[in-house]
Amino acid sequence: MERSKSANPQSLLDASWLRWTTIAFFFVLWAIISYRYPVYFQRDDAGMLLWSQQHSYLDCFTPTKEAALLHDNMYRPFRELAFVVQYRLFGLNSRLYHFTLGVLFILSMAFLFKLVTAIRDRSSAYLTILVWLGAINFLLTTLFWFSDSALLIEMLLACAGLYCFVIGFRKSSIGKQILGSLLMIGAFLSHEPSVVILPPAISVFIACEAHSRAWGWKRSVVYSLLPLLAIPLYFLVFPFATQRHDAMNTPIAIIMRGAIERFTFYSKFLASGASGLILVTPTSYYLVSKGLRAKLFPGLGFLAVFSIAVIITLAVISAHLYVLGAFIILLAGILLPGSCRLLAPWAIIPLFGLCFFEAMFRNYLFEISFALSASAAIAMSILLRDLTLWWKEHIKKPIITYAVVAFALLAVVGAGSIKAKKQAALLKLRSDVTMSLESITSHIKRLPANSALVVVDYESMGWKWEDVSRLPDAQKIRTQGAMLPSHHAVEWTQVIGRNDIHVVALSEYRSHPIRYRSGSRVFLWLMTAKDHEYIAGLKLPSRRYASVRRGQARMDLLEL
């Protein structure tokens, strides 16, 4: 009788049942989260819903100026198609849109897992998911705004396309390479950062694989550079996409100052607190191990190298050297072994591109986060391998091993619980604020014909959009109106079939009150706590027409 093979950690990691069970677990977990913290439509969603009402499936792929303006002169037909399909299926049932976001995210992570497995191993792939959830979980807000579906579709197609291309290239399968290329083109047509992410990543991958092929250097260079042609081809096919330039006619000194400010802004999210601890520690270890130990001091032991890495990490976090931390993370990605280096351009090119883009939002790190989590996870797998070897050599008593493992697990669970509690509070606040729109909308639908609807725009309070975007999370949620700026409120009234309602900003109404009061009733829509606070100070003559409350949020309609 054949002896059964004993289970070992690696065989468990390789088990297909574990991967499918993990995916099923995340689907169930997301169903619970989306039920516990539902969200409603907000801001940009109104424009996408209005587009979906007025256009067909074919219109999504027609590169008209009108479609381009919907996305700031960018061509994103797959994003439009996703909204049109969902609107045809779900109408205004936001809960189904919300569940779809989670499905897209889980599938994108599944293909990232397969990609990291293909270029490294399964251990690094599992660590990639854990690193993303542990260090970059601030980007989970992407799953609570429907317009961010463009990012999720883009990363799903990008990861799936890269995986198919990598496997097809290694197996010399033209079919899989073509499939991978088509999926990556789909990513181009979902969100434009993939245009500067995927071609360089493929070029680096081919260059790294060239040494195993019987190619001459000329052929290797040509094949490696060939994917880069996709970038100019994209802008040639869709020329209107080149019309967005925030830095045009700006002095170089101002451009560079802005670039430094933006790099510092994004570095803070990557290299501070728990994110810095998880991302900077393994990448610092990898750099010190590959640099100091391999090149200058080969006698350095594991403990010395690890201690240096920990000191660097603590210095970055405690002294707020976030820019240094970001450079460490990026440099480690460049020096990763073999085909893993395809992750470097995936992170570096779009991150430095953001430095020259005027708006600053942490959600812009979403595409980059996939590469950063994977490169940090690969560095972490090397750190854990060296730690395991050192531990086996120097720690002989099993009881010490058990104690350290138990302590580490308790620390992770404790830190995770604190973080989860904080995130849950923010998600609850976001849910309350957005779901209040669902309740107040029923009252807006019943407003008298040809009413004027006044909204407290940011300019009314002396704010700029940039001021709001840089507020701390909780304060930002309490300040951002569900349908502000006012043009989103216009779109929302059209989405719900009240085209007769005239939406006007408070500043405009106060300048010309007679114009809007003539022959119609005027209602003031208060969306946030900031609105209520501001209006209370003005002491405008009014009476409450409708009021809704949900948890920590409140929306009112006042008749002026």
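Residues numbered from 1 in each chain as written. Predicted model: local features only at pLDDT ≥ 70, side-chain atom pairs only at ≥ 80, totals over all residues. Heavy atoms only, no water.

What to know about the overall build of the protein
Logical step 1: Counting its secondary structure elements, the protein contains 25 helices and five strands.
Logical step 2: The C-alpha radius of gyration of the protein comes to 26 Å, within 12% of the 24 Å expected for a compact globule of 560 residues.
Logical step 3: For the protein, the C-alpha atoms occupy an extent of roughly 85 × 65 × 55 Å along the three principal directions.
Logical step 4: Sorting the 560 residues of the protein into buried and exposed places 49% on the buried side.
Logical step 5: Counting contacts in the protein only where the partners sit at least 6 residues apart, residues at least 24 apart contribute 75% of the total.
Logical step 6: When the accessible surface of the protein is summed, it comes to about 26,500 Å², and 66% of that surface belongs to carbon and sulfur atoms.
Logical step 7: Charged side chains in the protein number 55 positive and 33 negative. The centres of these two groups are separated by 8 Å. (Helix = DSSP H or I, 4+ residues; strand = E, 2+ residues; numbered from the N terminus. Rg over C-alpha atoms; globule rule 2.2 N^0.38 Å. Buried < 20%, exposed > 50% of the residue type's maximum accessible area, 1.4 Å probe, protein only. Contact = heavy atoms within 4.5 Å. Areas by Shrake-Rupley, 256 points an atom, 1.4 Å probe, with all protein chains shown as cover. Lys, Arg positive; Asp, Glu negative; His and termini not counted. Charge placed at Lys NZ, Arg CZ, Asp CG, Glu CD.)

Here we look at helix 9 (residues 174-188)
Logical step 1: Under the 1.5 Å per step criterion, the end-to-end length of helix 9 is 21 Å for 15 residues, consistent within 8% with the ideal 21 Å.
Logical step 2: Buried within helix 9 we find Q177, G180, M184, G186, A187 and F188.
Logical step 3: Elements in contact with the buried residues of helix 9: helix 5 (77-90), helix 8 (149-170), helix 10 (193-209) and helix 12 (230-237). (Expected span 1.5 Å × (residues − 1).)

Concerning the nonpolar core
Buried together is how nonpolar side chains tend to be arranged in soluble globular proteins.
Logical step 1: In this structure, W346, W492 and W525 are the most contacted members of the largest nonpolar core, which totals 150 residues.
Logical step 2: Among the elements that take part in this core, helix 8 stands out by supplying 15 residues, more than any other.
Logical step 3: If we ignore the near neighbours within four places in the chain, the residues touching W346 are L112, L115, M155, C159, L162, I197, E367, I368, F370 and A371. (Core = buried A, V, L, I, M, F, W, Y, C linked by side-chain atoms within 4.5 Å.)

Things to note about a nonpolar patch on the surface
Logical step 1: A cluster of nonpolar side chains, namely I174, I178, L182 and I185, defines an oily patch on the protein surface of about 390 Å² accessible area.
Logical step 2: Turning to its location among the elements, I174 is positioned in helix 9.
Logical step 3: You can call I174 exposed: its relative accessible area is 55%. (Patch = residues over 30% accessible without salt bridge, like charges linked within 9 Å, V, L, I, M, F, W, Y side chains within 5 Å. Salt bridge = Lys/Arg side-chain N within 4 Å of Asp/Glu carboxyl O.)

Digging into the sheet that holds strand 2 (residues 502-505)
Logical step 1: If you trace the five strands from one edge of the open sheet to the other, you get 2-1-3-5-4, paired in mixed fashion. The open sheet terminates on both sides in strands that have one partner only, identified here as strand 2 and strand 4 (543-550). Direction aside, the axes of adjacent strands within the sheet are offset by 20° on average.
Logical step 2: Judged from the four bridges that link them, strand 1 (residues 452-455) and strand 3 (residues 522-526) form a sheet pairing that is parallel. Note that in strand 3 the partner of L453 across the bridge is F523.
Logical step 3: Against the sheet, helix 19 (residues 398-445) touches strand 1, strand 3, strand 4 and strand 5 (553-559), its axis set at about 30° to strand 5.
Logical step 4: Where helix 25 (residues 529-538) meets the sheet, its contacts fall on strand 3 and strand 5, and the angle it forms with strand 3 comes to roughly 130°. (Pairing = 2+ DSSP bridges. Axes fitted to C-alpha atoms, helices over the stretch in contact; angles between N-to-C directions.)

Quick look at the pattern of salt bridges
Logical step 1: On inspection of all chains with the given rule, the structure shows twelve salt bridges.
Logical step 2: One salt bridge connects R95 with E438, and the closest N-O pair in it is separated by 3.5 Å. Note that R95 is positioned in helix 6 (residues 94-119) and E438 in helix 19, a separation of 343 residues in sequence.
Logical step 3: Residue E438 is classed as partly exposed on the basis of its relative accessible area, which comes to 30%.
Logical step 4: Three or more residues joined by partner-sharing salt bridges are found here, namely K428, D432 and R550.

A closer look at the packing of helix 3 (residues 44-54) against helix 22 (residues 486-495)
For any two helices packed against each other, one specifies the crossing angle of their axes together with the interaxial distance.
Logical step 1: Between helix 3 and helix 22, the least distance of the axes is 8 Å, while the angle of their chain directions is 40°. The angle between the axes of helix 3 and helix 22 places the two elements in the oblique class. Handedness of the crossing formed by helix 3 with helix 22: left-handed. Packed against helix 3, whose contacting residues are D44, A46, G47, L49, L50 and Q53, the element helix 22 presents H488, E491, W492, Q494 and V495 at the interface. (Parallel < 35°, antiparallel > 145°, perpendicular 65-115°, else oblique. Left-handed = near helix turned anticlockwise from the far one by under 90°.)

Considering the packing of aromatic side chains
Logical step 1: A complete count under the given rule lists 35 aromatic pairs for this structure.
Logical step 2: A centroid spacing of 4.7 Å and a plane angle of 75° characterise the contact between F113 and Y126, whose relative ring orientation is edge-to-face. Residue F113 is found in helix 6, and its partner Y126 is found in helix 7 (residues 122-135); the two are separated by 13 residues along the sequence.
Logical step 3: Residue Y126 is classed as buried on the basis of its relative accessible area, which comes to 17%.
Logical step 4: Pairing W132 with F366 gives two aromatic rings, centres 6.4 Å apart and planes at 80°, and the pair type is edge-to-face. (Phe/Tyr/Trp six-rings, centres within 6.5 Å; stacked < 30°, edge-to-face > 60°.)

Remember that the coordinates give geometry; whether it matters functionally is a separate question.
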